[in-house]
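Observations on the model geometry
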Amino acid sequence: MTQADGYLLDNRQTEAGERFDAFATLFDPTTFRHLEGLGVGPGWRCWEVGAGGTSVVSWLAKKVGPTGRVLATDIDTSRVAAAARQPVHVRVHDVGAEDPPEEGFDLVHARLVLVHVPDRDRALRSMIKALRPGGRLLVEDADPALQPLLCPDEHGPEQQLANRLRQGFRRLLADRGADLAYGRRLPRLLREAGLRGVEADAYFPVSSPACAALESATVRQIRDQLVTAGIATAQDIDRHLANIATGDMDLATAPMISAWGRKG
């Protein structure tokens with residue numbers, strides 16, 4: 001996705017840092033478990049696609065060590081730039097519009113990226129092309145259509161408001177080209193692309209402080225778009241944020257589906 005596409009959740013906004021922190025708390029354990037299972041170790045050459053923040057890049061850097069290489073790319077590298085020291089290299093790159101920045105990688109990984117990329121088919125082909133024979137691909141993406149509710153237990157007006165705002169958020173994403181049912185297709189797409197040994201699983205946080213922090217940061221980041229689109233009033237948003245701040249709501253995320261395989 002290019003900057004001109006008007007990405008709804010811009011890395012340059014203040015709330016983006018809060019979102020990346022919440023993503024790290026929620027999803028790093030799952031991501032690291034999969035990366036460990038793929039055997040990431042000393043000397044590996046890794047491409048972190050749409051890196052966003054630094055948590056995964058820093059973990060990979062420790063694993064590959066001084067003999068390895070971690071290339072972190074994004075359309076906006078402002079948040080990941082702080083990690084740019086050996087063996088990490090940071091580069092501006094649009095995975096949905098450009099050829100791979102390098103080839104011969106042992107690992108290519110993208111988390112919560114392709115669902116937002118308009119030409120996600122090209123992006124996936126590019127990521128696979130960048131792998132060496134036998135290299136591993138790990139793609140992790142949300143499937144908001146699989147579980148569309150912020151509050152699965154909609155038992156009161158606070159939860160009803162939360163779910164209405166989540167529905168509006170999903171509409172804004174779809175209007176910008178996001179595929180809200182992409183995650184469930186990943187295993188098939190990896191097999192059809194020729195990868196071998198394809199497997200997948202999913203992680204679905206239902207309630208945690210990180211879920212609340214993510215929701216608060218997201219709503220504050222897109223509040224102007226919600227109001228402009230007529231999805232909510234400023235008063236609705238303020239009431240929702242106050243409800244979150246009580247700590248009494250169970251706020252879920254969309255399931256994150258992880259799919260992986262190796263290049264033949």
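Data block above holds the structure.
Computed from a prediction, not measured in an experiment: that's the story for all the values here.

Reading the values: rules and limits
Residues numbered from 1 in each chain as written. Predicted model: local features only at pLDDT ≥ 70, side-chain atom pairs only at ≥ 80, totals over all residues. Heavy atoms only, no water. Helix = DSSP H or I, 4+ residues; strand = E, 2+ residues; numbered from the N terminus. Contact = heavy atoms within 4.5 Å. Phe/Tyr/Trp six-rings, centres within 6.5 Å; stacked < 30°, edge-to-face > 60°. Salt bridge = Lys/Arg side-chain N within 4 Å of Asp/Glu carboxyl O. Buried < 20%, exposed > 50% of the residue type's maximum accessible area, 1.4 Å probe, protein only. Pairing = 2+ DSSP bridges. Right-handed = clockwise from strand over helix to strand, strands pointing away.

Residue placement: T31 occurs in helix α1 (residues 14–37). Setting aside its immediate chain neighbours within four residues, T31 contacts V56, H109, R111, L138, E140 and M256.

A word on the packing of aromatic side chains. Two descriptors summarise a pair of aromatic rings, namely the distance from one centre to the other and the angle between the planes of the rings. Evaluated as defined, the whole model comprises 4 aromatic pairs. Their ring planes at 90° and their centres at 6.1 Å tell us that F27 and Y203 sit as a pair that is edge-to-face. Residue F27 is found in helix α1, and its partner Y203 is found in strand β6 (residues 196–203); the two are separated by 176 residues along the sequence. Counting every residue linked through ring pairs, the aromatic cluster contains F23, F27 and Y203.

Applying the stated criterion across every chain yields a total of 17 salt bridges. Here E36 ties to K63 by a salt bridge, and the two come within 2.8 Å at their closest N and O atoms. Residue E36 is found in helix α1, and its partner K63 is found in helix α2 (residues 55–64); the two are separated by 27 residues along the sequence. Residue E36 is classed as partly exposed on the basis of its relative accessible area, which comes to 43%. Owing to a relative accessible area of 27%, K63 belongs among the partly exposed residues under this scheme. Among the charged side chains, a network of salt bridges with common partners joins R45, R69, R91 and E102.

Burial analysis of strand β4 (residues 105–111) places 7 of its 7 residues in the buried class, which makes it a mostly covered element. Across 4 bridges, the pairing between strand β1 (residues 45–49) and β4 is parallel. By the bridge assignment, C46 is partnered in β4 with L107. Pairing geometry for β4 and strand β5 (residues 131–142), over 6 bridges, is parallel. Among the inter-strand pairings, L107 is bridged to a residue of β5, identified as R136. Crossover handedness for the path β4 to helix α3 (residues 120–129) to β5: right-handed.

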